[in-house]
Amino acid sequence: MSAEAADREAATSSRPCTPPQTCWFEFLLEESLLEKHLRKPCPDPAPVQLIVQFLEQASKPSVNEQNQVQPPPDNKRNRILKLLALKVAAHLKWDLDILEKSLSVPVLNVLLNELLCVSKVPPGTKHVDMDLATLPPTTAMAILLYNRWAIRTIVQSSFPVKQAKPGPPQLSVMNQMQQEKELTENILKVLKEQASDSILVLEAALKLNKDLYVHTMRTLDLLAMEPGMVNGETESSAAGLKIRTEEMQCQVCYDLGAAYFQQGSTNSAVYENAREKFFRTKELIAEIGSLSLHCTIDEKRLAGYCQACDVLVPSSDITSQQLTPYSQVHICLRSGNYQEVIKIFIEDNLTFGLPVQFRQSVLRELFQKAQQGNEALDEICFKVCACNTVRDILEGRTISVQFNQLFLRPNKEKIDFLLEVCSRSINLEKSSDSLKGNMASFLKNVCLGLEDLQYVFMISSHELFITLLKDEERKLLVDQMRKRSPRVNLCIKPMTSFYDIPASASVNIGQLEHQLILSVDPWRIRQILIELHGMTSERQFWTVSNKWEVPSVYSGVILGIKDNLTRDLVYILMAKGLHCSTVMDFSHAKQLFAACLELVTEFSPKLRQVMLNEMLLLDIYTHEAGTGQSGERPPSDLISRVRGYLEMRLPDIPLRQVIAEECVAFMLNWKENEYLTLQVPAFLLQNNPYVKLGQLLAATIKELPGPKESRRTAKDLWEVVVQICSVSSQHKRGNDGRVSLIKQRESTLGIMYRSELLSFIKKLREPLVLTIILSLFVKLHNVREDIVNDITAEHISIWPSSIPNLQSVDFEAVAITVKELVRYARSINPNNHSWLIIQADIYFATNQYSAALHYYLQAGAVCSDFFNKAVPPDVYTDQVIKRMIKCCSLLNCHTQVAILCQFLREIDYKTAFKSLQEQNSHDAMDSYYDYIWDVTILEYLTYLHHKRGETDKRQIAIKAIGQTELNASNPEEVLQLAAQRRKKKFLQAMAKLYF
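Remember, it's a predicted structure, so these values are computed and weren't measured experimentally. (Residues numbered from 1 in each chain as written. Predicted model: local features only at pLDDT ≥ 70, side-chain atom pairs only at ≥ 80, totals over all residues. Heavy atoms only, no water.)

The next point concerns the overall build of the protein. In terms of helices and strands, the protein carries 48 helices and six strands. For the protein, restricting intrachain contacts to residue pairs at least 6 apart in sequence, the fraction spanning at least 24 positions comes to 66%. Split by element, the accessible area of the protein, about 52,900 Å² in all, is 51% carbon and sulfur. (Helix = DSSP H or I, 4+ residues; strand = E, 2+ residues; numbered from the N terminus. Contact = heavy atoms within 4.5 Å. Areas by Shrake-Rupley, 256 points an atom, 1.4 Å probe, with all protein chains shown as cover.)

Bringing the packing of helix α19 (residues 377-394) against helix α21 (residues 412-424) into the picture now. Contact pair α19 / α21: the axes reach a minimum separation of 10 Å and the direction vectors enclose 40°. It follows that α19 is oblique to α21 by the angle criterion. Every pair of crossing elements has a handedness; the one defined by α19 and α21 is right-handed. In this structure, α19 uses F382, K383, A386, C387 and V390 to contact α21, whose residues at the interface are K414, F417, L418, V421 and C422. (Axes fitted to C-alpha atoms, helices over the stretch in contact; angles between N-to-C directions. Parallel < 35°, antiparallel > 145°, perpendicular 65-115°, else oblique. Left-handed = near helix turned anticlockwise from the far one by under 90°.)

A separate point is the nonpolar core. One finds I558, L646, L697, F760, F777, L780 and I838 to be the most contacted residues of the largest nonpolar core, which totals 109 residues. The element that contributes the greatest number of residues to this core is helix α39 (residues 767-783), accounting for 10 residues. Once residues lying within four places of it in the same chain are set aside, the contact partners of F777 are V721, C725, L757, I761, V814, T817, V818 and L821. If you look at the next biggest cluster of nonpolar residues, it comprises 75 residues, including A58, L99, L135 and V252. (Core = buried A, V, L, I, M, F, W, Y, C linked by side-chain atoms within 4.5 Å. Buried < 20%, exposed > 50% of the residue type's maximum accessible area, 1.4 Å probe, protein only.)

This next bit is on unusual backbone geometry. Positive phi, normally seen in glycine, also occurs at H795, with a value near 60°. Backbone geometry at D865 places phi at a positive 55°, although glycine is not the residue there. Residue D865 is classed as partly exposed on the basis of its relative accessible area, which comes to 48%.

With that out of the way, let us pick up helix α38 (residues 754-761). For an α-helix, the turn length of 3.6 residues means that residues three or four places apart are oriented alike. Those residues of α38 that fall on the buried side of the exposure criterion are L757, L758, F760 and I761. Along the axis of α38, the buried positions cluster into a sector of 160°, meaning they face one direction only. (Arc of directions from axis to C-beta.)

Of all the residues in helix α32 (residues 636-646), the buried ones are L638, I639, V642, Y645 and L646. Each buried residue of α32 lies within a common arc of 120° when the element is viewed along its axis, so the set occupies one face.

Turning next to the packing of aromatic side chains. If you walk through the whole model with that rule in mind, you get 24 aromatic pairs. With centroids separated by 5.6 Å and ring planes inclined at 45°, the aromatic side chains of Y690 and F760 adopt a geometry described as tilted. Highlighted residues: Y690 in helix α36 (residues 689-703) and F760 in helix α38, separated in sequence by 70 residues. Each member of the pair, Y690 as well as F760, carries the same accessibility label: buried. Geometrically, the ring pair formed by F866 and F867 is tilted, given 5.7 Å between the ring centres and 50° between the ring planes. Taken together, the aromatic side chains of Y254, F261, Y271, F278 and Y305 make up a single cluster linked through ring pairs. K983 extends its terminal NZ or CZ atom over the ring of F903, reaching a point 5.4 Å from the ring centre. (Phe/Tyr/Trp six-rings, centres within 6.5 Å; stacked < 30°, edge-to-face > 60°. Lys NZ or Arg CZ within 6 Å of the ring centre and 35° of its normal.)

On to the pattern of salt bridges. Scanning the model with the defined rule gives 38 salt bridges in all. We note a salt bridge from R244 to E246, for which the minimum N-O separation is 3.9 Å. Looking at R244, the relative accessible area reads 28%, which means it is partly exposed. On the basis of relative accessibility, which here comes to 31%, the residue E246 falls in the partly exposed class. Residues K702 and E674 are paired through a salt bridge, measuring 3.9 Å at the closest nitrogen-oxygen approach. Here the residue K702 occupies a position in helix α36, and E674 occupies one in helix α34 (residues 673-679), the gap between them amounting to 28 residues. (Salt bridge = Lys/Arg side-chain N within 4 Å of Asp/Glu carboxyl O.)

Its location among the elements puts H533 in helix α27 (residues 522-535). Those residues within four positions of H533 in sequence are excluded, and the remaining contacts are F541, N564, L565 and D568.

Its place among the elements puts A440 in helix α22 (residues 433-449). Relative accessible area serves as the criterion here: at 9%, A440 is assigned to the buried category. With 24 residues separating them along the chain, A440 and L464 place their C-alpha atoms 8.7 Å apart.

This next bit is on the confidence of the model for the protein. If pLDDT is low for a region, its predicted coordinates should not be looked at in detail. Per-chain confidence: the protein averages 81 in pLDDT, with 84% of residues scoring 70 or above. Across residues 226-233 the pLDDT falls below 50, and counting only partners more than four positions away or on other chains, this stretch makes four contacts in the model. Counting interchain partners and residues more than four positions distant, the pLDDT-below-50 stretch residues 485-504 has 19 contacts. (pLDDT = per-residue confidence, 0-100.)

Interaxial distance between helix α33 (residues 657-669) and α36 falls to 9 Å at its minimum, and their mutual angle equals 15°. What the angle tells us is that α33 and α36 run roughly parallel. Considering how the two elements wind past one another, α33 and α36 form a crossing that is right-handed. In this structure, α33 contributes Q657, A660, E661, V664 and L668 to the contact, and α36 contributes P689, Y690, V691, G694, L697 and A698. Partitioned by chemical class, the residues of the contact of α33 with α36 number eight nonpolar, two polar and one charged. (Nonpolar A, V, L, I, M, F, W, Y, C, P; charged D, E, K, R; others polar.)

A word on the environment of Y928. Tracing the chain through its elements places Y928 in the loop between α45 (909-917) and α46 (935-948). Remark: the alpha-carbon pair of Y928 and A957, spanning 29 residues in sequence, is separated by 10.0 Å.

Before going further, it helps to examine the side chain of R359. Looking at the secondary structure, you find R359 in helix α18 (residues 356-371). Once residues within four sequence positions are removed from consideration, R359 is found in contact with F345, D348, N349, L354, C387, N388 and R391.

Below you can see the structure in the form of structure tokens.
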């Protein structure tokens, strides 16, 4: 070693190796001590932190003499910082698992783009157009790394992410997070657009049959030297870290498989490609074995992918009969065939083939779906849990907490199913004594846990219980039950068992009545009633349950049937059918009504028509709760039947008003306005108030496009609703002869009561119909003389502007109705901006300014993609903006007032300047200056802060004025773009404060 080199080495070794915490990156930059730092056992800062800091320093924008922000300069310092970031990544061997875990998407995007740059990938050239086989190994590897990261990032973005718990709201932090989120979304958008190209690049990589090389710290150092000193080493096949072909293909296959699997959710045919790639990955892992240094595959995750592919894409040479129970369960879960899952679980209780953990995971998945609002799965959850519980007790495990929770409220159906599972889960001839003992103990414990002796009797009289428990055990159980329950009659002569209870007539009648209450099978109900009438002819069995309710218009006809059995059967079938319809058990309701229709057709045309009407109502309910929810039009047959009902003129047929109400609402919801307007018979309009109301609504909608003078029906509808909302005064003459007003009652002159009108409106779902009704009530609300703040609504101009007799209208009831209607309309569509503005106006009129701002902002957000587009001017009218200004002013948010003054068609400088003079402001004040685009307001702020001696705030205002895009010499479109961008940022910041 030369003396000069020795002196340099000594000087280096004498310097401290740990840099000061505040300027460590400058230390590493100047002293070239990066490698020493990275060789430490626990370097602080960690390597990934170094990458972030190096790239942040290299990406810092500069400011020129005119105080204008410029892009980062391409100087020597920034190039070295980028090179240092690449060297740290090279130290981590370009392991994407580590880099993705610790670096954000924007940082990793910059890092890999720098790698492409130093690897001589021509900028602007599509990777898919480059032949990997002819490229230098390091260049090809850089392209592979970038495209692997691209599809991995797309796949990762499709997974749900648990949101971090937010801290106290700080505007600067929120803005920074929002900027990073927007940047990530923009990068993801580009990556998704290029996804097909990335997949083609990786597919091409699988055809390479040569080893590749990736940059190391040494090759990156060589790149940093002068061109004449490199001697072409980095272009040779031996430069960098060697990646064997098998290792590269293994990683690429796995990443491609994940990408194909993610695409399979929208295109199931792609699952076949995913299956092929995952199974190829398994083969390559087997070939590489423990020799792999650079191939890191999560083998547990890979196994999960392979199992999923086995279910999603069964091999063509395997028939459905040869599928394993494991795969069959997955297929049934995907198709929603839960009964088949229960059947497989019961069969598995005999063979113990499925792992207990797998069965529990299926139950957890069903519980999650049930908790998301699928109430139909509650019964399935209990049945699967019962199957798992029987499996547990057969293998000697304890009963789960889940089963105890689901069995807190036992009923006949649950106990019947539990006994069925127990019977089918044990082979009494072949099972061991331990299995039989476990099952017997379980049944005994279930009995001891039941309080209702009716249910205990169901279990103790079952064949399996009698077979498994000896006489002595049954006697002991009876004694335990007698001691435990005070409700058991403790006779002087002890009972030996449940089977010694005499089957008296009263006991049998009680049991049959209990079954009659529980059953929804029409043929079983008929059989029970025949048995009961055979035992006694004195009882009226339609009175057994006080829950059996039949409308009074029907009960008189039904109870007039002379034959007792027929009367009971018709009454009970109708009562149970109506109850099933109420609880939306439409399948059982249809069976009960069909049986009742078949029965009454034989002897009563009147009751036959009644049942046809009820079945029509049931079909309307079924469609509206089913396919109607997704917007599918009802079948033409159903519409014809509804018309037939409305036009029906059969005398002496008892009719329920709710059927007419539902039929008219049905026609309005499915836009059958032509029929309601032109084809409804005149007698219907006179006799049925709901048909009259529907005809007026349909005609008003039809006349909307025409001139105001032609809207005669709107005036008729207005008069009808005003009459409904009117009150009649009741007077009383006193002893002195004076007449005094004592009470106001709801007027009986209207075609229906206000409560009936409100009930009818809440059956409507068509947005235009709801908007028309809302605007009518809003106009009626605004007519009163003491209104200070009007409520706005669409189509409000079609209604008359005055009422001859204001005292006759119950305006308090009108105000309550408006609030109820807005609440209902928003439950139908929470994103209708017109209804949100009405809700905001209501809060504004009642001095609830924070709530009003919430809904004004929500109305703008829903029609502008959360303010990423301009809010339409017909939504944020000058009146709405002025109300938002008043809300902010009364909430002492004066800076927000000044900013909102810019939103008006003519900027309100007077209000803006007055608000900025206020010093007691509850908003972020100077943090909002970046949202001001009007230079006059900014100049006034500068003057105001100078006058007050507020130097820091004055500088913030000056900085805001100095932005080049606000220069008055700019073209109009540039100034408008600057204003629009600030509007967007301000409204988004406001939304985060008030949502």
